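Commentary on secondary and tertiary structure
Each chain is listed here by its residues.
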Amino acid sequence: MTDRQPLGELLRDLTPQVLGALAGRSTDFAACEDAVQEALLAASMQWPADGWPENPRGWLITVAERRLHDAFRSESARRNRETHEAALAVSSPHAEEPSEETGHGDDTLILLFMCCHPALSPPSQLALTLRAVGGLTTAEIAREFMVPESTMAQRISRAKSRIRATGVSFRLPSEAERPDRLRVVLHVLYLVFTEGHTSTAGPVLHRADLTSEAIRLARILHRLLPDDGEVTGLLALMLLTDARRGARTDASGALVPLADQDRAAWDHAAIEEGIALISATLGTVAAGPYQVQAAIAAIHGEARSAADTDWTQILLLYRVLDDLSPNPMTRLNMAVAAAMVDGPYAGLAIVAGVEQEEGVDLSHRIDAVRGHLLEMSGDLPGARTAYRLAAQKTMSMPEQRYLERQAARLERETE
Amino acid sequence: MKYLVMLYDAPNIRESMSPELIEQMQTLLAELKESGELVGVEALADPSRTRTVKFPGSVPAVTDGPYAEVKEQMGGFVLLDVEDEQRAIDIASRWPPSVVSAVEVRPLMNPGADPQ
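In every chain, residue numbers begin from 1 and rise along the written sequence. To read the labels, note that chains go from A and ligands from 1, taken in the order they are written. For this predicted model, a pLDDT threshold of at least 70 governs which residues receive local features, and a threshold of 80 or more governs which side-chain atom pairs are given and counted, while totals over whole chains, interfaces and linings are taken from all residues. Just so you know, side-chain values use all the structure's heavy atoms and leave hydrogens and water out.

Helical segments are the DSSP runs of H or I of at least four residues, strand segments are the runs of E of at least two, and each set is numbered from the N terminus. Helix and strand counts for chain A stand at 20 helices and 0 strands. The 415 residues of chain A split such that 53% are buried. Put simply, of all contacts in chain A between residues at least 6 apart along the chain, 62% involve residues at least 24 apart. Methods summary: accessible areas were calculated by the Shrake-Rupley approach with a probe of 1.4 Å, and residue burial reflects only the protein chains presented. Entry remark: accessible area of chain A is about 19100 Å², with carbon and sulfur atoms responsible for 52%. Here the term buried applies to any residue with accessible area under 20% of the maximum for its type, exposed to any over 50%, and partly exposed to those in between, with areas from a 1.4 Å probe on protein chains only. Contacts are assigned to residue pairs with any non-hydrogen atoms lying within 4.5 Å of each other.

As structure tokens, then:
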């Protein structure tokens, strides 16, 4: 039994399956979730001491069901018994594994759809997904988001009562609503990823945990829906982006732009996996935004240097992406690609266009890109002013340091 | 997105605060706690209890009170984790105007960078 999976990992893998099995039989999701947490706790205490059960999943389901029954029993001692009996459509606790072997995956999928229900706010979707599907504890999630545990606990319990209040039932969305619902699930996983990815900079704060959690969840989803191009695209995008993590910051934690990154420090196995995934899906289905973004990341991943990059292809892909889902951020990236293909003025024209659009919440990005393009064009004082403006407006600490440094460098060069 | 909501009040405001006002603030805080948006809240002691540490000639020196002569001092603060700036402003706007003369809403820096 030496090649056994570590306990924590196994429990986290089983969490959505156990919760799914329970939630499929009771209408009270919050109570199921509590019962599963208790069963996981019991397992982490008893298994190392008493030895592992033959069938860990069956053990957890049995214990969780018992807890669920106990909870309802003590609850009904206080309140009306019948309503709770009705809410609890569970038969007697199982001593063995329930026989529906094929249902595990569906349960996990239903659970994901439930946690990412549009009735919940994005922070609630995020928190509930990490807890119910990811199997993270409330304390772990709170730590990742740097809020007190009580704040996170409140967010999760609010999400659960919202599920109860809106009467979300434990079933797969209908064929008709499925594409929209899946889009939300993908977006939530992407948010988990960026939340982790954005904060991996700096020697003090490492939140790579969230990044790997997002990748783990995307892998599960990909296993459940192997034919969905966007699911594959998202997984590939995560792998290709995360592959650059080691080169994104220098030893002091300062940001290193893509062009200056040490490509030997990229995770080439992850790049290969990402490229393989995206190559297999492109062309077989109508491309969606995640696939296109993954394709762009794949071109960067394949290039041996910034100069060696196929910018024409990247520019083309940004145009496709902007057609699929118009977004000012996409157009700013497109501006950089356009500058590489057609020169800085082509890029600056796109930046000016983005700036004119209303409701753009990206003014520091606009200034940062403009600084870069002005520098390319040789207008160093203009570039310096743009970098300074961007540094003032950004709320990212590493980015601010990076932009200040660019401005200071140009100041020295123009003196 | 985390925001620091700084509450500026006139000195001695607490003496004149009615039970209704206190309740009004407590209700607001309870609501924020319930929504999972409240990261922390603290009231500050009287400005006269302030000690300022300055560094003349790189050596720390402690003096009493803030140097600036200001009528309005920060009396307390609330740390929020909300979806966007508008939400933070909406919450700040709900502070009883008889308690605060002004509320500053300031975003916190993100320790990380955006993906690139």
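Now, onward.
Time to look at the sheet that holds strand β6 (residues 102-107) of chain B. Residues and elements named next belong to chain B. Strands pair, by our definition, only if DSSP identifies at least two bridges between them. Strand order across the open sheet formed by 4 strands is β2-β5-β1-β6, with antiparallel pairing between neighbours. The outermost strands of the open sheet, each flanked by one partner alone, are β2 (38-43) and β6. Direction aside, the axes of adjacent strands within the sheet are offset by 20° on average. Bridge analysis of strand β1 (residues 2-9) against β6 gives 6 bridges, and the strand direction is antiparallel. Paired with M6 across the bridge in β6 is E104. Structural elements are reduced to axes, namely lines fitted to C-alpha atoms, with helices fitted over the stretch in contact, and the angle between N-to-C directions of any two is expressed from 0 to 180 degrees.

Moving on, we get to helix α16 (residues 328-342) of chain A. Residue and element names in this part refer to chain A. Relative to the 21 Å expected for 15 residues at 1.5 Å per residue, α16 spans 20 Å between its end C-alpha atoms, a close match to the ideal helical length. Of all the positions in α16, only T330, R331, L332, M334, A335, A337, A338 and A339 are classed as buried. Tucked inside the fold, the buried residues of α16 contact α15 (311-324), α17 (344-356) and α18 (363-377). Where α16 starts, the residue carrying a side-chain oxygen 2.6 Å from the main-chain nitrogen of M329 turns out to be N327. The positive-phi residue at the C-terminal boundary of α16 is G343, with phi of around 95°. Here the expected length of a helix is defined as 1.5 Å per residue gap, with one fewer gap than residues. Any pair of N or O atoms that falls within 3.5 Å is considered a polar contact. Within protein, one atom must be able to donate a hydrogen and the other to accept it, and sequence-neighbouring residues count only if both atoms are side-chain atoms.

To continue, consider the interface of chain B and chain A. Contact residues are listed per partner, giving 20 residues for chain B and 32 residues for chain A. Note on chain B versus chain A: buried area summed over both sides is about 2300 Å², and carbon and sulfur give 54% of it. By definition here, a salt bridge exists when the distance from a side-chain nitrogen of Lys or Arg to a carboxyl oxygen of Asp or Glu is within 4 Å. There are 2 salt bridges connecting chain B and chain A. Close ionic contact of D81 of chain B with R155 of chain A constitutes a salt bridge, the shortest N to O distance being 3.2 Å. One can count 9 residue pairs in polar contact (both at pLDDT 80 or more) joining chain B with chain A. With 3 residues, the single largest contributor to the side of chain B that touches chain A is helix α1 (residues 19-35) of chain B. The term buried area refers to how much accessible surface (probe radius 1.4 Å) is lost by two components on association, counted for both of them together.

Residue and element names in this part refer to chain A. For the structure shown, the criterion picks out 28 salt bridges over all chains. Of the charged contacts in the structure, one is a salt bridge between R131 and E33, with a shortest N-O distance of 2.7 Å. Of this pair, R131 sits in helix α6 (residues 122-133) while E33 is found in helix α2 (residues 29-50), placing the two residues 98 residues apart along the sequence. Residues R131 and E33 agree in their burial class; the two are buried. Here R388 makes a salt bridge to E404, at a shortest N to O gap of 3.5 Å. You can see R388 sitting in helix α19 (residues 380-393) and its partner E404 sitting in helix α20 (residues 397-414), a full 16 residues away along the chain. Residue E404 is classed as partly exposed on the basis of its relative accessible area of 35%. Taken together, the salt bridges that share partners define one network made up of R12, D13, E213 and R216.

The subject of this paragraph is the packing of aromatic side chains. Residue and element names in this part refer to chain A. Pairing of aromatic rings covers Phe, Tyr and Trp, the last through its six-membered ring, and needs centres within 6.5 Å; plane angles under 30 degrees mean stacked, over 60 mean edge-to-face, and all others mean tilted. By the definition in use, this model includes 3 aromatic pairs over all chains. Where W47 meets W52, the ring centres are 5.9 Å apart and the plane angle is 45°; that geometry is what we call tilted. One aromatic cluster in this structure is built from W47, W52 and W59. Only when the NZ atom of a Lys or the CZ atom of an Arg is both within 6 Å of the ring centre and within 35 degrees of the ring normal do we say a charge sits over the ring. Directly above the ring of W266 sits R244, whose terminal nitrogen or CZ lies 6.0 Å from the centroid.

The next point concerns unusual backbone geometry. Positive phi outside glycine occurs at M146 of chain A, with the angle close to 55°. Following the sequence through the fold, M146 of chain A ends up in the loop between α7 (138-145) and α8 (149-166). The phi torsion at S58 of chain B lies on the positive side, around 65°, for a residue other than glycine. Position of S58 of chain B relative to the elements: it lies in the loop between β3 (51-54) and β4 (61-64).

Nonpolar side chains (Val, Leu, Ile, Met, Phe, Trp, Tyr) within 5 Å and like charges within 9 Å form the patches, drawn only from residues with over 30% relative accessible area and no salt bridge. Counting rule applied: Lys, Arg positive; Asp, Glu negative; His and chain ends not counted. Just so you know, the charge point we use is NZ for Lys, CZ for Arg, CG for Asp and CD for Glu. On the surface, D361 of chain A together with E83, D84, E85 and D90 of chain B cluster together to form a negatively charged patch. Along the polypeptide, D84 of chain B turns up in the loop between β5 (73-81) and α2 (85-93).

Our next topic: the pairing of β4 of chain B. All names here are of chain B. Both β3 and β4 contribute to a ladder of 4 bridges, which runs antiparallel. Along β4, the bridge assignment pairs T52 with T63. The turn linking β3 back onto β4 is made up of 6 residues, and G57 within it adopts a positive phi angle of 60°.

The next point concerns the packing of helix α14 (residues 289-302) of chain A against α15 of chain A. All names here are of chain A. Where α14 meets α15, the closest approach of the two axes is 9 Å, and the angle between their N-to-C directions is 165°. Here α14 lies roughly antiparallel to α15, going by the angle between them. Read as a crossing pair, α14 and α15 show a hand that is left-handed. Where α14 approaches α15, its residues P289, V292, Q293, A295, I296, I299 and H300 are matched on the opposing element by W311, Q313, I314, L317, Y318, V320, L321 and L324. For this classification, the nonpolar set comprises Ala, Val, Leu, Ile, Met, Phe, Trp, Tyr, Cys and Pro, the charged set comprises Asp, Glu, Lys and Arg, and every other residue, Gly included, is treated as polar. Split by residue class, the contact of α14 with α15 holds 12 nonpolar, 3 polar and no charged. Any angle that falls under 35 degrees is termed roughly parallel, while one over 145 is termed roughly antiparallel, one within 65 to 115 roughly perpendicular, and all others oblique. By definition, any crossing whose near helix is turned counterclockwise from its far helix by less than a right angle is left-handed, and any crossing with a clockwise turn is right-handed.

Residue and element names in this part refer to chain A. On the surface, a cluster of nonpolar side chains totalling about 220 Å² of accessible area is made up of M340, V341 and M376. Among the secondary structure elements, V341 is positioned in helix α16. Given a relative accessible area of 33%, V341 falls into the partly exposed group.

Scope: geometric values only; no functional claims are made or implied.
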